[in-house]
Amino acid sequence: MDLSLIPQIKHTDSNNFFLLAGPCAIEGEDMALRIAEHVVTITSDLKIPYVFKGSFKKANRSRLDSFTGIGDEKALRILKKVSETFQVPTVTDIHTEQDAVMAAEYVDVLQIPAFLARQTDLVVAAANTGKTVNIKKGQFMSPESMKHAVNKVTETGNQQAIITDRGTMFGYQDMIVDFRGVPTMKQFAPVVLDVTHSLQQPNQSSGVTGGRPSLIGTMARAGIAAGVDGLFIETHFDCANAKSDGANMLDLGLMKKLLTDLTAIRKTINGLQ
């Protein structure tokens, strides 16, 4: 995996962690551009390689009446506009082989949701687009087993694979991150820690996932100290009214302080190696 091969990514020579960040779901053009502008400004100042994240649709909601999107092509066009406006790459989730082909026309990185990390046809379809493929580790999978998910990408001839750890199920309604898995998975591909989803509290009786956003800073700092290559952070300027995953997103106003602190920690870690 060569980070510099992702179109429009910047600061790849900074020796900083890279960042995938944005709203859980694309709710509209204005919100996407507002979030992107804020994060682009911060990451430019701190020299953090940045990929804007936004799901063009949510196909894995708990309840039938949950928000799933504003329309596939409409949301994908917004992702394309973010990329063109701010000259940054974009990443979005896909759920079917058809999604892979469609989304590849608009974004630079295709993301395999954790629940689908073992879906061979989906992973191969993503790899065959030639785009970078970010595979989220299944909540039910061991770090060692992610070798096989990465191989499904690389055996197509596409070497652009990333692994993102978003925690492992702990009981029925909590997640836990086992940082012992970081060096294991780094043998297979660059490793990203999904800070916000790792703090989810899924399977609530209401059908609405809970979360512990007060621990985002703790989780992110631990990830950098453990040697992850990148971080994944969902963020919104109005988390309480976000249409998806508001309970575990980072308030956009807290992003600058967090990334500044994490950059300082990364610099210290680099000095120890």
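Numbers given to residues run from 1 along each chain, matching the order in which its sequence is written. Given that this is a predicted model, residues contribute local features only at a pLDDT of at least 70 and side-chain atom pairs are listed and counted only at 80 or more, while totals for whole chains, interfaces and linings are drawn from all residues. The side-chain figures draw on all heavy atoms in the structure; neither hydrogens nor water molecules are used.

Participant: Help me out: how do you make sense of the overall build of the chain in this one?
Facilitator: For helices the rule is a DSSP run of H or I covering at least 4 residues; for strands it is a run of E covering at least 2, with both sets numbered from the N terminus onward. A tally of helices and strands in the chain yields eight helices and 13 strands. The globule rule used here is 2.2 Å times the number of residues to the 0.38 power, and the radius of gyration it is set against is calculated over C-alpha atoms. Over its C-alpha trace the chain gives a radius of gyration of 17 Å, about what one expects of a compact globule, namely 19 Å for 273 residues. Here the chain holds 273 residues, and 53% of them are scored as buried. Contacts: residue pairs with any heavy atoms within 4.5 Å of one another. Residue pairs at least 24 apart in sequence account for 70% of intrachain contacts in the chain once pairs closer than 6 positions are excluded. For every residue, the accessible area obtained with a 1.4 Å probe (protein chains only) is divided by the maximum for its type, and the residue is called buried under 20%, exposed over 50%, and partly exposed between those limits.

Participant: How should I be thinking about the nonpolar core in this particular structure?
Facilitator: The set of buried Ala, Val, Leu, Ile, Met, Phe, Trp, Tyr and Cys residues whose side-chain atoms join them within 4.5 Å is what this entry labels a nonpolar core. Membership of the largest hydrophobic core comes to 67 residues, with the highest contact counts inside it found for Leu-19, Phe-52, Ile-94, Ile-112, Ile-135 and Leu-231. If one sorts the elements of this core by residue count, helix α1 (residues 29-46) sits on top with eight residues. Beyond its immediate stretch of four places on either side in the chain, Ile-135 contacts Ile-112, Ala-117, Val-123, Met-146, Ala-149, Val-150, Val-153, Ile-162, Ile-163 and Thr-164. Listed in part, the eleven residues of the second largest apolar core include Ile-9, Val-91, Val-109 and Ile-162.

Participant: When you look at the packing of aromatic side chains in this model, what are you seeing that I'm missing?
Facilitator: Aromatic rings considered in pairs are described by the distance between their centres and by the relative angle of their planes. Stacked, tilted and edge-to-face pairs are distinguished by plane angle, under 30 degrees for stacked and over 60 for edge-to-face with tilted covering the rest, among Phe, Tyr and Trp rings (Trp via its six-membered ring) whose centres lie within 6.5 Å. Summed over all chains, the structure comprises zero aromatic pairs. If you follow Arg-34 out to its NZ or CZ, it ends over the ring of Phe-237, 3.8 Å from the centre. Whether a charge lies above a ring is judged from NZ of Lys or CZ of Arg, which has to be within 6 Å of the ring centre and within 35 degrees of the ring normal. When the ring centre of Phe-232 is taken as reference, the NZ or CZ atom of Lys-136 above it lies at 4.0 Å.

Participant: Just checking my understanding: could you explain the packing of helix α4 (residues 120-128) against helix α5 (residues 146-154) for this structure?
Facilitator: The geometry of a pair of packed helices is captured by two quantities: the angle between their axes and the separation between those axes. Running from amino to carboxyl end, α4 crosses α5 at an angle of 45 degrees, the nearest separation of the two axes being 8 Å. When the axis of α4 is compared with that of α5, the two are oblique. The handedness of the crossing between α4 and α5 is right-handed. Between α4 and α5, the contacting residues are Thr-120, Val-123, Val-124 and Ala-127 on the first element and Ala-149, Lys-152 and Val-153 on the second. To get an axis, a line is fitted to the C-alpha atoms, and for a helix only the part in contact is used. The angle between two axes follows their N-to-C directions and goes from 0 to 180 degrees. Any angle between 65 and 115 degrees counts as roughly perpendicular, while under 35 counts as roughly parallel, over 145 as roughly antiparallel, and the rest as oblique. Here a crossing is called left-handed whenever its near helix is offset anticlockwise from the far helix by less than a right angle, and right-handed whenever the offset is clockwise.

Participant: Mind showing me how you'd approach the pairing of strand β9 (residues 191-194) here?
Facilitator: On a regular strand, one side chain projects to one face of the sheet and the next to the other, so that they alternate. Going residue by residue along β9, you find Val-191 and Leu-193 tucked away on one face and Val-192 and Asp-194 tucked away on the opposite face as well. Where β9 and strand β12 (residues 230-236) come together, three bridges link them in parallel fashion. Residue pairing across strands places Leu-193 opposite Leu-231, the latter belonging to β12. Paired strands are those between which DSSP finds at least two bridges.

Participant: How should the packing of α1 against helix α2 (residues 72-86) be read in this particular structure?
Facilitator: For the pair α1 and α2, the least separation of the axes is 10 Å and the interaxial angle reads 35 degrees. With respect to the hand of their crossing, α1 and α2 are arranged in right-handed fashion. Together, Glu-29, Ala-32, Leu-33, Ala-36, Glu-37 and Val-40 of α1 and Ile-78, Lys-81, Val-82, Thr-85 and Phe-86 of α2 make up the contact between the two elements. Any residue that is not Ala, Val, Leu, Ile, Met, Phe, Trp, Tyr, Cys, Pro, Asp, Glu, Lys or Arg is counted as polar, Gly included; the first ten are nonpolar and the last four charged. Partitioned by chemical class, the residues of the contact of α1 with α2 number seven nonpolar, one polar and three charged.

Participant: Would you mind going over the environment of Ile-216 with me for this structure?
Facilitator: Its location among the elements puts Ile-216 in helix α7 (residues 216-226). C-alpha of Ile-216 to C-alpha of Leu-250: the two residues are 34 residues apart in sequence and 7.2 Å apart in space. When sequence neighbours within four positions are dropped, the list of residues in contact with Ile-216 reads Val-195, Thr-196, Leu-199, Asn-248, Met-249, Leu-250 and Leu-258.

Participant: Just checking my understanding: could you explain the state of the cysteines for this structure?
Facilitator: What we call a disulfide is simply a covalent bond connecting the sulfur atoms of a pair of cysteines. Note on disulfides: each one is a pair of cysteine sulfur atoms within 2.5 Å. Inspection of every chain in the model, using the stated rule, returns zero disulfides. No disulfide involves Cys-24; its sulfur sits 11 Å from that of Cys-239, the nearest cysteine. On the accessibility criterion, Cys-24 (1% relative accessible area) is buried.

Participant: I would appreciate a short explanation of the environment of Leu-116 in the present structure.
Facilitator: With respect to the helices and strands, Leu-116 occurs in the loop between β4 (109-112) and α4. The sequence separation of Leu-116 and Ile-94 amounts to 22 residues, and the corresponding C-alpha distance is 9.5 Å. Excluding residues that lie within four positions of it along the chain, Leu-116 makes contacts with Ile-94, His-95, Leu-122 and Val-123.

Participant: I keep staring at the pattern of salt bridges and nothing clicks. Help me out?
Facilitator: Pairing between side chains of opposite charge can happen when the charged atoms of each approach one another. A pairing counts as a salt bridge when a side-chain nitrogen of Lys or Arg comes within 4 Å of a carboxyl oxygen of Asp or Glu. Throughout the structure, instances matching the rule amount to nine salt bridges. For Lys-57, the salt bridge is made with Asp-72, and the minimal N-O distance between the two is 3.8 Å. Placement of Lys-57 in the loop between β2 (50-53) and α2 and of Asp-72 in helix α2 is noted, with a sequence separation of 15 residues between them. Connected via shared salt-bridge partners are Lys-57, Asp-72 and Asp-99.

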